[in-house]
Amino acid sequence: MENKLSKSKEVILTRVRESQVLARLPEIMPESTDGLKSHHQPESDLLNSLQKEFDLLGVETYVEKNQKAVCKRLRNLLQDKSVLSWNLDNLPYDAGTVLQSRNVYFERDDKIIQASADIGLTGCDAAIAETGSLVLLSGEGKPRTASLLPFEHIALIRQSDIYFTMSDFFDKKGKEVSQASCIDIITGPSRTADIELSLTLGVHGPGKVIVVIGP
Amino acid sequence: MSHFSDRVDKALADDNLSEALKKATSQLVSRRSTAFSSLEDAENLRDIARNTKMKILHNLEDNLLKFEKSLQKNGSHVHWAKDAEEANNVVIEIAQKQAVKKIVKSKSMLSEEIHLNTALIKAGMQVVETDLGEYIVQLAGDKPSHIIAPIIHMTREDVGNLMHDRLSVPFSDEPEVLTRIARRKLRQEFLDADMGITGANFGVVETGSICLVTNEGNARMVTTLPKIHVVLIGIEKLVATFEDLNRFLKLLARSATGQKLSVYTSIIQGPGKGTETGPEEVHVVLVDNGRSGMLGGDLAESLACIRCGACLNVCPIYKNIGGHAYGDTYAGPIGSIITPGLRGLAQWHELPAASTLCGACKEVCPIRIDIPKMLLKLRQVTPPKVKASISLRMAIKCFAVIAGIPKVYKGFTAFGSRLLRFLGSKSWLTNNIPLLDRWTKVRDFKTPAKKSFQRMWQEKIAKDGK
Ligand code: SF4
């Protein structure tokens, strides 16, 4: 197989090399990236824009003043439902304390058990105000299943992790981004419009996304 | 396979289809234009995206080699396949090595292009499509008819009946209920599968990342739950950096569905880490299958396509005949270039002719691909295969004589228009004019205006005193 494969590679690259010399591709046009630079916004604006986008997407949003309020909100949201969570030390605001004496599953559990949880609980590496997106960098202790398998996803966001654009975030956290096994950018609840273009939520991923934004 | 004109006739005769097509395409068109109007500097962004793609294609060999290195650095396995057969065999070999029985797939046009499902099933494996539309298409034994909306040709009743039949569930025509049924059924498939197969919206050269975009989240399932993930990627689907990727994502979602960003963008950089639930192996198959050949010819520019579907929705031909009539994986204006480009012109020479050359496709294409120019090029090389019938040739000869003598021409047109006005609403008559009936069977003959253009023109000249 190895031999055959390296031969195909050679064949393809040779053809490409020959073709790209002949290629009558359109000229590269003059361009300017000036207009695309991000507009740096004051912090308060960031939160406002983010909330506006969340509203449009149907993401339920709570803004809390301090750690205690975040935990209280989380307790109310979880009620007595089962939870699939990021490892506790990866959650902000000591939210792990809220999970004590509940049915909680983690990445080490079998995937069938993980899939049985009612709610997925995660932190959030960045929230993007321009589009209302959550950016989750997966890796050990931060399983991608938590934002995917349960029908409800609760994400805890620190205000300092809000960026206006994706590029702002990539610029600042390039190293973390490059080390993640998977970068998930989540913009609203799972949706489809395949049947007569009528919008339906929660087709495979969560049908409900809730964010709690702390200080 | 059936002839192009038969497929077109079939599509035009289907009232359900034409209504669904009109509704869907006009909705997608208006969503797109709203989304673009909210994008600052959209035109500049399109220029940059176009340049980015051209730069990649100009240096494709280098870029492919760099991409391979970056993928390997992330711990992914890289395979090369020069044609469909090789690509299918690579996937089958990976699957057999791990004794894979069940495979889940997320929408991939490339996999349809190479008929991967047929090959896998032949090799004894079970394959399940997981995009809701594609799942329904698979249940029906049908083919997708639109890049973004695969079952644009089906009504909710069709879907309800199908699920009732195939999945033994009670009939419903509520999209919400039908979607829940699919969620339940497919969830089990995701958990059972040993291997996941996806295409790729973009491959990032610098970082070896594979970018996948969905609204449903099925690509995330496919790349998270099974222990092996296989990516099929055409050799043209590269972008250089994350910054490029970011720009393309903005354009793709807006062009395809009118969203600022699709719900799920996953950027995959190798297998899951440590104890994380994620694939243990990631295999990337770089597929040529005719692309390197296209790069050297007149159709090179079409390799920049990001498969957003915008050109389909604005195309007056697509809006009437839908995707199936195009007869292969890629439909619409861009399909009329890619299909002959990949499969050869001999069997597909009608496709480039199926265009009004109105230019709407080029207008909306986020990469500004000059589709009409390439269609024209293809028409120039189209072999004149069918000789026109004797009656048609005679008719054209007569016309040439008549049109050559202005006085005679004027007389004939005046007579003709008077005759048609006289026949007026008697459509049973006008619709059965010999020689013209292939045209008039499906269209009403228009009654000419009282005053001809020539008359109006002369009157205007007289009045203006010129
Ligand atoms: S040709 Fe342009 S508009 Fe058509 S699918 Fe490709 S990128 Fe979209």
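Quick summary incoming for the structure in this document. Treat the numbers as computed from the prediction; the structure is a model and nothing was measured.

**Focus: the side chain of S111(B)**
Reasoning step 1: On the secondary structure map, S111(B) appears in helix α6 (residues 109-113).
Reasoning step 2: Discounting chain neighbours no more than four positions away, the residues touching S111(B) are K105(B), L116(B) and L232(B).

**As for the interface of chain B and chain A**
Reasoning step 1: Each partner contributes to the interface: chain B provides 101 residues, whereas chain A provides 79 residues.
Reasoning step 2: Roughly 7900 Å² is buried in total at the junction of chain B and chain A, and carbon and sulfur atoms are behind 56% of that figure.
Reasoning step 3: The largest contributions to the chain B side of the interface with chain A come from E61(B), R183(B) and R220(B), which together make up 9% of the buried area.
Reasoning step 4: The tally of links between chain B and chain A comes to nine salt bridges.
Reasoning step 5: Salt-bridge contacts for D298(B) lead to R24(A); the nearest nitrogen and oxygen are separated by 3.3 Å.

**What about the sheet that holds strand β2 (residues 83-85) of chain A?**
Residues and elements named next belong to chain A.
Reasoning step 1: One open sheet accounts for six strands, arranged β1-β12-β7-β4-β2-β3; its pairing is parallel. Bordering the open sheet on either side are β1 (60-63) and β3 (104-105), each of which pairs with just one other strand.
Reasoning step 2: Where strand β4 (residues 119-122) and strand β7 (residues 152-158) come together, four bridges link them in parallel fashion. Across the sheet, T122 pairs through a bridge with A155, a residue of β7.

**Side note on a nonpolar patch on the surface**
Reasoning step 1: Together, V401(B), I405(B), V408(B) and F412(B) make up an exposed nonpolar region whose accessible area comes to about 350 Å².
Reasoning step 2: Relative to the helices and strands, V408(B) is located in helix α21 (residues 406-423).

**Section: the state of the cysteines**
Cysteine pairs can be covalently joined through their sulfur atoms, and such a bond is termed a disulfide.
All names here are of chain B.
Reasoning step 1: Considering all chains together, one arrives at zero disulfides over all chains under this definition.
Reasoning step 2: C361 supplies the cysteine sulfur nearest to C358, a cysteine that is in no disulfide, at a spacing of 6.2 Å.
Reasoning step 3: For C358, a relative accessible area of 49% gives the class partly exposed.

**So, the sheet that holds strand β8 (residues 238-239) of chain B**
Reasoning step 1: Spatially, the eight strands line up as an open sheet ordered β8(A)-β5(A)-β6(A)-β9(A)-β9(B)-β6(B)-β5(B)-β8(B), and their pairing is mixed. For this open sheet the edge positions go to β8 (162-163) of chain A together with β8 of chain B, each flanked by a neighbour on one side alone.
Reasoning step 2: In this structure, strand β9 (residues 182-186) of chain A lies alongside strand β9 (residues 264-268) of chain B, joined through five bridges in antiparallel fashion. Of the residues in β9(B), the one forming a bridge with I186(A) is Y264(B).

**What about the packing of aromatic side chains?**
Reasoning step 1: Applying the stated criterion across every chain, the model contains six aromatic pairs over all chains.
Reasoning step 2: With 6.3 Å between their ring centres and 25° between their planes, Y318(B) and Y326(B) make a pair best called stacked.
Reasoning step 3: Given the relative accessible area of 0%, Y326(B) is considered buried.
Reasoning step 4: Put simply, the rings of Y163(A), F169(A), F170(A) and F242(B) pair up and form one aromatic cluster.
Reasoning step 5: One Lys or Arg, R32(B), reaches over the ring of F36(B) and ends 4.4 Å from the middle of that ring.
Reasoning step 6: For the cation-ring pair, K53(B) lies above F248(B), with the distance from its terminal atom to the ring centre recorded as 5.9 Å.

Cut-offs applied
Throughout this description, residue numbers start from 1 for each chain and increase along the sequence as written. To read the labels, note that chains go from A and ligands from 1, taken in the order they are written. The predicted origin of the model limits local features to residues at a pLDDT of at least 70 and limits the giving and counting of side-chain atom pairs to 80 or more, whereas totals for whole chains, interfaces and linings rest on all residues. Hydrogens and water molecules were not included; the side-chain quantities draw on all heavy atoms of the structure. Only DSSP runs of H or I with at least four residues qualify as helices, and only runs of E with at least two residues qualify as strands; both kinds are numbered from the N terminus onward. Any two residues whose heavy atoms approach within 4.5 Å at even a single point are treated as in contact. Note on terms: buried area is the combined drop in 1.4 Å-probe accessible area of two parts once they are placed together, counting the loss on both. By definition, a salt bridge exists where a carboxyl oxygen of Asp or Glu is found within 4 Å of a side-chain nitrogen of Lys or Arg. Whether two strands pair depends on DSSP finding at least two bridges between them. Residues enter patches when their relative accessible area tops 30% and they take part in no salt bridge; the joining distance is 9 Å for like charges and 5 Å for the nonpolar side chains Val, Leu, Ile, Met, Phe, Trp and Tyr. Accessibility throughout is a Shrake-Rupley quantity obtained with a 1.4 Å probe, and a residue counts as covered only by protein chains that appear here. Disulfides are defined in this document as cysteine sulfur pairs within 2.5 Å. Note on classification: 1.4 Å probe, protein chains only; a residue is buried when its accessible area is under 20% of the maximum for its type, exposed when over 50%, partly exposed between these limits. Within 6.5 Å between ring centres, the rings of Phe, Tyr and Trp (the latter by its six-membered ring) count as paired, and their orientation is classed by plane angle as stacked under 30 degrees, edge-to-face over 60, tilted in between. Charge over a ring is defined by NZ of Lys or CZ of Arg lying within 6 Å of the ring centre and within 35 degrees of the ring normal.

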